[in-house]
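Listed below are the residues making up each chain.
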Amino acid sequence: LISLNPSGRHLLDPCIGKGEMVFPFLEKEIEVDGLDVIKHSNHEKVNFEKRDFLSYYSNRKKELTSKNYISDKYDYYVANPPYKSHKSGYIKSNKARLENIFPYVGSLNIYSMFISALIDFAKPGALIGIISQDSFLNARGYEPLRKKILSKTTVHDVILCPLDLFSKQKVYVRTCIMILQKGDKYQEEVRYLNRTASYLDFKKKIKSRELPS
């Protein structure tokens, strides 16, 4: 993200957790705002606010009527949103409200709602880096989300992650990293990486920065 925009000054992580994803930005003295429903760590260098991002988005969604984005502030967004499907208790108990907030992309999964909301938040040219479950890439129910990504953003990178990426947390799930930029005028070739056999192979390829396009 920083290589695509070296002059950015502000970042939002809407589900910051322990803050691992924002460390490189703090090292570059980029101002970081972090939201989460639970304060997982001290976040001394982060402007942290205990807040539900989806509700926050709902409260500000009306701003989209006057422009095609919500926030002028942020140059970067990063997120590893929760993966909870429509079968989860949270979505079941909030289904009507969530479908009212996200009538286009629906409420199939919390991560898909986060992606949709981040696209709406981002000002033209803002960069979005996401680690998420990769079911939205080909599952039929996520077609509206795919269309939104392709119509409203530039896709710079699509990187399929190995199944053992989160093995230290004892989680084995198909995930991907996606780098987007608000607006379609920045589109060139998309860099990609097919799923590697292991985390170690993945780490070597990412560090080399030699991804095919």
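Structure first, text after, so check above.
(A) Structural view of the overall build of the protein. Each helix and strand counted, the protein has 7 helices and 8 strands in total. Here the C-alpha radius of gyration of the protein, 17 Å, is about what a compact globule of 213 residues would show, namely 17 Å. Across its three principal directions, the C-alpha atoms of the protein cover 45 × 40 × 35 Å. Across the 213 residues in the protein, those meeting the buried criterion constitute 46%. Look at the contacts in the protein between residues 6 or more apart in sequence, and 64% of them connect residues 24 or more apart. A total of about 11,600 Å² of accessible surface is found on the protein, and carbon and sulfur atoms cover 51% of it. Each charge sign in the protein was given a centre, from 35 positive and 24 negative side chains, and these centres are 5 Å apart.

(B) Seen up close, the packing of helix 5 (residues 110-121) against helix 6 (residues 143-152). Remark: helix 5 packs on helix 6, axes separated minimally by 11 Å, with the N-to-C direction vectors making an angle of 25 degrees. Considering their axes alone, helix 5 and helix 6 lie roughly parallel with respect to each other. Classified by chirality, the crossing of helix 6 by helix 5 is left-handed. Packed against helix 5, whose contacting residues are S112, I115, S116, I119 and D120, the element helix 6 presents L145, K148, I149 and K152 at the interface. Taken together, the residues that form the contact of helix 5 with helix 6 break down as 4 nonpolar, 2 polar and 3 charged.

(C) Expanded view of the layout of surface pockets. Space inside the second largest pocket adds up to approximately 170 Å³. What lines the second largest pocket is simply D164, L165, F166, S167, K168, Q169 and Y199. Across the lining of the second largest pocket, the residue classes tally to 3 nonpolar, 2 polar and 2 charged.

(D) Expanded view of the pairing of strand 5 (residues 127-133). Within strand 5, 6 of the 7 residues are buried, which leaves the element mostly enclosed by the surrounding structure. With 4 bridges joining them, strand 4 (residues 76-79) and strand 5 adopt parallel strand pairing. Each residue of the ladder has a partner; that of V78, found in strand 5, is G129. As judged from the 7 bridges shared by strand 5 and strand 7 (residues 175-182), these two strands associate in the antiparallel manner. Bridged to I130 within strand 7 is M178.

Quick notes on the rules
Each residue is numbered by its place in its chain's sequence as written, counting from 1. Residue-level local features of this predicted model are given only where pLDDT is at least 70; pairs of side-chain atoms are given and counted only at 80 or more, and the full residue set underlies all totals for whole chains, interfaces and linings. Only hydrogens and water are removed before side-chain values are computed, so all heavy atoms of the structure are retained for them. Strands are runs of DSSP state E lasting at least 2 residues, helices are runs of H or I lasting at least 4, and numbering of each runs from the N terminus. Atoms counted for the radius of gyration: C-alpha only. Globule rule: 2.2 Å times the number of residues to the power 0.38. Note on classification: 1.4 Å probe, protein chains only; a residue is buried when its accessible area is under 20% of the maximum for its type, exposed when over 50%, partly exposed between these limits. Should any heavy atoms of two residues lie within 4.5 Å, those residues are counted as being in contact. Each accessible area is a Shrake-Rupley estimate made with a 1.4 Å probe; only the visible protein chains count as cover when residues are assessed. Counting rule applied: Lys, Arg positive; Asp, Glu negative; His and chain ends not counted. Taken as the charge location is NZ of Lys, CZ of Arg, CG of Asp or CD of Glu. Angles here are taken between N-to-C directions and fall from 0 to 180 degrees, while the axes themselves are lines fitted to C-alpha atoms, restricted in helices to the stretch in contact. When describing relative orientation, an angle under 35 degrees is termed roughly parallel and one over 145 degrees roughly antiparallel, while 65 to 115 degrees is termed roughly perpendicular and anything else oblique. Here is the rule for handedness: rotate from the far helix to the near one, and if that takes an anticlockwise turn smaller than a right angle the crossing is left-handed, while a clockwise turn gives right-handed. Throughout, the ten residues Ala, Val, Leu, Ile, Met, Phe, Trp, Tyr, Cys and Pro are labelled nonpolar, Asp, Glu, Lys and Arg are labelled charged, and all others, Gly among them, are labelled polar. Using protein atoms alone on a 1 Å grid, points that fit a 1.4 Å probe yet trap it form a cavity, whereas open point sets bounded by protein on both sides within 12 Å along at least five of seven lines form a pocket; residues with an atom within 4 Å of a point count as lining. Grid points are joined across faces, edges and corners, and a volume is the space filled by probe spheres set on the points. Pairing between strands is defined by DSSP: at least two bridges between the two strands are required.

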